[in-house]
Amino acid sequence: MSEYLLLLVSAVFVNNIILARYLGNCPFLGVSNRLDTAVGMSMAVVFVITLASAATWIVQTYVLTPFDLEYLQTIAFILIIATLVQLVEMFLQKSIPTLYRALGIFLPLITTNCAVLGVAVLAIQNEYGFVKTIFFAFVSSVGYGLALILLTGIRERLNVAPIPVHLKGTSIGLITVGLLALAFLGFAGMVH
Amino acid sequence: MRDLIKMVVVLTVICACSALVLSFANQATREQREYQVLKYVKEPSIKAVLTGYDNDPIKDRVTLKMGTDKKGKPIRKNIFPAKKGGKVIALAYGSAATGYHGLIEVMVGIDINGKITGVSIMTHTETPGLGARVVEPAFTGQFKGLVLSDALKVKKDGGKIDSVSGATFSSRGVVTAVRQALESFSKIKKEVIS
Amino acid sequence: MSVAREFTKGLWDEIPPFRLVLGLCPTLAVTTAAQNGMGMGLATTFVLLGSNVLISLLRNVIPKKVRIAAYIVVIASFVVIVELSMQAYFYPLYKVLGIFIPLIVVNCIILGRAEAFASKNKLLPSIADGLGIGLGFTLSLTFLGAVRELIGAGTLFGRYVMWESFEPLSIMVKAPGAFVCLGLILCLMNWIGAMQKRRQG
């Protein structure tokens, strides 16, 4: 039990996948302008990362390793993720159209989000079992969502603040993320 | 309909070509990759337990099949020979035994007469400050020059090895691993030098 | 545009990740030292070049509906080749770059260029495009890596170059330093861009 608690704290605060591990940057800055888009993206990310990590773990354990095909990990994983996202899109469009419209363009964009592939590969590298992998994926993506929502809150305030023209936009966004990362660095001593 | 066939065919051909190219790349680089992994992971330990050689023990490694594991797959063991002037003067290989907290992996160097040339701890999960101190030269240096005898035991069990204070289990674990390495020495020596 | 122009645009006008704001993930992660930035840049350039070439050659063969899937297979294959080659011949760099080598496959630059350029242009311009943007990326990564290494550790390409009493600002080689540094460089580039525009009148 304590292992899982440790994993939770570690994944959300100490090794936050965006603020400490640099995964998932591209959409991070593009989506953090408005709170409702940020929340939508966070939900989509949590959903996809958790599902994808489960699927990739199964393929790694039952297909890649037994047949000595570990060198194909990258190509297999990315194909699984791309297919999964496509399937999820089709499913949501037919069954839960409101959610589909709320997530909008973020869903297909998640395929190229380094966080998805990153978390899947990390789970294998850390040699987690199936349940731990799902848990790890879930809490890591929650950590991502947390960072995203925090950043968006700050940026919404920044938008109405007087900033020198050259710093506007991505530039100040990055500096803000840096300060956020600095704050989270304070958690580094928590987990031995 | 024709569109669908074209899509399937193109994708299949691309995937097939990819699979072919990658499997070729995998085969072509396999040896070199194994060498690199061994070099960076094991070389420090190997260098710590062997002396006076003029070859590359990792390049000259011999892989032996020693028994099978729980799933019935053969266990492959890498033996790293130290040579001088083309003749084998010592062998280095890994061994493992349970310490206090978990498995302790050691690299043992043994010369052709069965005398230990060095012991180096590769991995362990012992308690820092206590059992972890088995990695210190003050402990591992004690094994040099010993052979498989009753002297090769901790003092508590009637041998000559001073265990790390407060870490008898960890010390015993290392001793067990080293003894196991020596026990299989004659068999390994025969297969490598043949 | 002439072939030469296709090449040079990647070195300033559309240099990633500063002007062409793509490929941020590896940018922040591997630029802890100039050498690492350069290594990652070259690996990415190899994949970009390979994928641009192949996709340009196959642009009239791949059906539109499955093009993304096809591109992914091509790009991922090149990434695996890079992975295997680095593991075999550049092991220390491979260990340092770690998880970001397979992540080249989701580097938006590569998929972006495949979709925006290679699928619509002939072979030679595609080669120029891939080479230019790849080298531009390599320059950016090496530069950012050099800045972070210099201030954060006092070394450059592994060699100690700062003065004796220099106290490294080690925050630079950690996450916060990366973000702030990139943000400031971006600001600088915006400023230079504005100055250029003013000069051109």
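Being a predicted model, the structure only gives us computed values, none of them experimental. (Residues numbered from 1 in each chain as written. Chains lettered and ligands numbered in written order. Predicted model: local features only at pLDDT ≥ 70, side-chain atom pairs only at ≥ 80, totals over all residues. Heavy atoms only, no water.)

Some remarks on the overall build of chain C
Within chain C, the regular secondary structure consists of 8 helices and 2 strands. Put simply, chain C runs from its N terminus to its C terminus through helices and strands in the order α-α-α-α-α-α-α-β-β-α. Against the globule reference of 17 Å for 201 residues, chain C gives a C-alpha radius of gyration of 18 Å, in line with a compact fold. If one aligns the C-alpha atoms of chain C with their principal axes, the spans along those axes are about 60 × 55 × 25 Å. Buried residues in chain C amount to 57% of all 201 residues. Put simply, 72% of the contacts in chain C that link residues at least 6 apart link residues at least 24 apart. Surface summary for chain C: the accessible area is close to 8,700 Å², and the carbon and sulfur share equals 67%. Across chain C, the centroid of the 17 positively charged side chains sits 10 Å from that of the 9 negatively charged ones. (Helix = DSSP H or I, 4+ residues; strand = E, 2+ residues; numbered from the N terminus. Rg over C-alpha atoms; globule rule 2.2 N^0.38 Å. Buried < 20%, exposed > 50% of the residue type's maximum accessible area, 1.4 Å probe, protein only. Contact = heavy atoms within 4.5 Å. Areas by Shrake-Rupley, 256 points an atom, 1.4 Å probe, with all protein chains shown as cover. Lys, Arg positive; Asp, Glu negative; His and termini not counted. Charge placed at Lys NZ, Arg CZ, Asp CG, Glu CD.)

Observations regarding the interface of chain C and chain A
Facing 39 residues of chain C, the contacting portion of chain A comprises 34 residues. Between chain C and chain A, a total of about 3,000 Å² is buried, with carbon and sulfur atoms accounting for 83% of that surface. When the area that chain C buries against chain A is broken down by residue, the three leading residues are C:Cys25, C:Val106 and C:Phe179, summing to 21%. Where chain C meets chain A, there are 0 salt bridges. (Buried area = accessible area lost by both parts, 1.4 Å probe. Salt bridge = Lys/Arg side-chain N within 4 Å of Asp/Glu carboxyl O.)

Quick notes on the interface of chain B and chain C
Accessible area lost on assembly of the parts is the figure often given for the size of an interface. Contact with chain B, which involves 17 residues of that partner, is made by 19 residues of chain C. Carbon and sulfur atoms supply 80% of the area buried between chain B and chain C, which totals about 1,600 Å² over both sides. The interface formed by chain B and chain C contains 0 salt bridges. Counting across the interface, chain B meets chain C through 3 residue pairs in polar contact (both at pLDDT 80 or more). Considered class by class, the residues forming the side of chain B that touches chain C number 10 nonpolar, 5 polar and 2 charged. (Polar contact = N/O pair within 3.5 Å; in protein donor to acceptor, adjacent residues only side chain to side chain. Nonpolar A, V, L, I, M, F, W, Y, C, P; charged D, E, K, R; others polar.)

Quick notes on the sheet that holds strand 3 (residues 87-98) of chain B
All names here are of chain B. The antiparallel open sheet is built from 5 strands, whose spatial order is 1-2-3-4-5. This sheet does not close on itself; its edge strands, each paired only once, are strand 1 (62-68) and strand 5 (116-123). Averaged over all pairs of adjacent strands, the angle between strand axes in this sheet comes to 30°, irrespective of strand direction. Where strand 2 (residues 74-84) meets strand 3, 5 bridges bridge the pair, whose relative direction is antiparallel. The residue of strand 3 that forms the bridge with Phe80 is Ala92. (Pairing = 2+ DSSP bridges. Axes fitted to C-alpha atoms, helices over the stretch in contact; angles between N-to-C directions.)

Regarding the packing of aromatic side chains
Across all of its chains, the model carries 10 aromatic pairs over all chains by this definition. On the basis of an interplanar angle of 75° and a centroid distance of 5.1 Å, the ring pair of A:Tyr4 and A:Phe135 is categorised as edge-to-face. Linking A:Tyr4 in helix 1 (residues 2-14) with A:Phe135 in helix 8 (residues 130-159), this pair joins segments that are 131 residues apart in sequence. Relative accessible area serves as the criterion here: at 24%, A:Phe135 is assigned to the partly exposed category. Each ring, one from B:Tyr100 and one from B:Phe169, has its centre 6.0 Å from the other, and the planes form 50°; the classification is tilted. One end of the pair, B:Tyr100, is in the loop between strand 3 and strand 4 (103-111); the other, B:Phe169, is in helix 3 (residues 168-183), with 69 residues separating them in the sequence. The class of B:Phe169 is exposed, set by a relative accessible area of 51%. One aromatic cluster is present, built from ring pairs that chain together A:Trp57, A:Tyr62 and A:Phe130. (Phe/Tyr/Trp six-rings, centres within 6.5 Å; stacked < 30°, edge-to-face > 60°.)

Some points on the confidence of the model for chain C
All names here are of chain C. Per-chain confidence: chain C averages 84 in pLDDT, with 98% of residues scoring 70 or above. Per-element averaging of pLDDT across chain C places strand 2 (residues 159-160) at the bottom with 73 and helix 3 (residues 34-57) at the top with 92. Taken over the whole predicted complex, pTM reads 0.79, whereas the ipTM for its chain interfaces reads 0.79. (pLDDT = per-residue confidence, 0-100.)

What about the layout of surface pockets?
Put simply, the largest pocket is a space of about 2,000 Å³. Lining the largest pocket are 45 residues, with A:Glu70, B:Arg33, B:Glu34, B:Val37 and C:Gln87 sitting closest to its centre. Of all the elements in the fold, those that place two or more residues in the lining of the largest pocket are helix 3 (35-64) and helix 7 (114-125) of chain A, helix 1 (2-49), strand 2, strand 3 and strand 4 of chain B together with helix 4 (67-89) and helix 5 (91-97) of chain C. If you tally residues by element for the lining of the largest pocket, the top one is helix 1 of chain B, at 8 residues. In this structure, the second largest pocket encloses a volume near 1,000 Å³. For the second largest pocket, the lining is made up of 35 residues, of which A:Pro108, A:Thr111, A:Thr112, C:Ile68 and C:Leu111 are closest to its centre. For the lining of the second largest pocket, the elements supplying multiple residues, two or more each, are helix 2 (25-31), helix 4 (73-95) and helix 6 (106-109) of chain A together with helix 4 and helix 6 (108-118) of chain C. Of all the elements, helix 4 of chain A adds the most residues to the lining of the second largest pocket, at 8 residues. Here the lining of the second largest pocket is composed, by residue class, of 23 nonpolar, 9 polar and 3 charged. (1 Å grid on protein atoms, 1.4 Å probe; cavity = no way out; pocket = protein on both sides within 12 Å on 5 of 7 lines; lining within 4 Å. Points joined across faces, edges and corners; volume = space filled by probe spheres on them.)

Quick look at unusual backbone geometry
All names here are of chain A. The phi dihedral of Asp68 falls on the positive side, at around 60°, and the residue is not glycine. Along the chain, Asp68 turns up in the loop between helix 3 and helix 4. Despite not being glycine, Glu127 shows a phi value in the positive range, around 55°. Positionally, Glu127 belongs in the loop between helix 7 and helix 8. What makes Glu127 exposed here is its relative accessible area of 72%.

So, the environment of B:Ser95
Residue and element names in this part refer to chain B. You can see Ser95 is positioned in strand 3. Taking the C-alpha atoms as reference points, Ser95 and Asp56, 39 residues apart in sequence, are found 21 Å from one another. Dropping the residues within four chain positions of it, Ser95 is found in contact with Ile104, Glu105, Val106, Ala177, Gln180 and Ala181. A distance of 2.7 Å separates a polar side-chain atom of Ser95 from the backbone oxygen of Ala177.

A look at a nonpolar patch on the surface
Residue and element names in this part refer to chain A. On the surface, Ile58, Tyr62, Val63, Phe67, Phe130 and Val131 cluster together into a nonpolar patch covering about 600 Å² of accessible area. Counting residues per element, the ones that place at least two in the nonpolar patch are helix 3 and helix 8. Among the elements that take part in the nonpolar patch, helix 3 stands out by supplying 3 residues, more than any other. Its place among the elements puts Ile58 in helix 3. Its relative accessible area of 40% is what places Ile58 among the partly exposed residues. (Patch = residues over 30% accessible without salt bridge, like charges linked within 9 Å, V, L, I, M, F, W, Y side chains within 5 Å.)

A word on empty space enclosed by the protein
Across all of its chains, the model carries 1 cavity of 30 Å³ or more by this definition. Considering the residues around the largest cavity, the lining is formed by A:Cys26, A:Cys114, C:Gly23, C:Cys25, C:Pro26, C:Phe100, C:Leu103, C:Ile104, C:Val106, C:Asn107 and C:Cys108. For the lining of the largest cavity, a count of residues per class yields 9 nonpolar, 2 polar and no charged.

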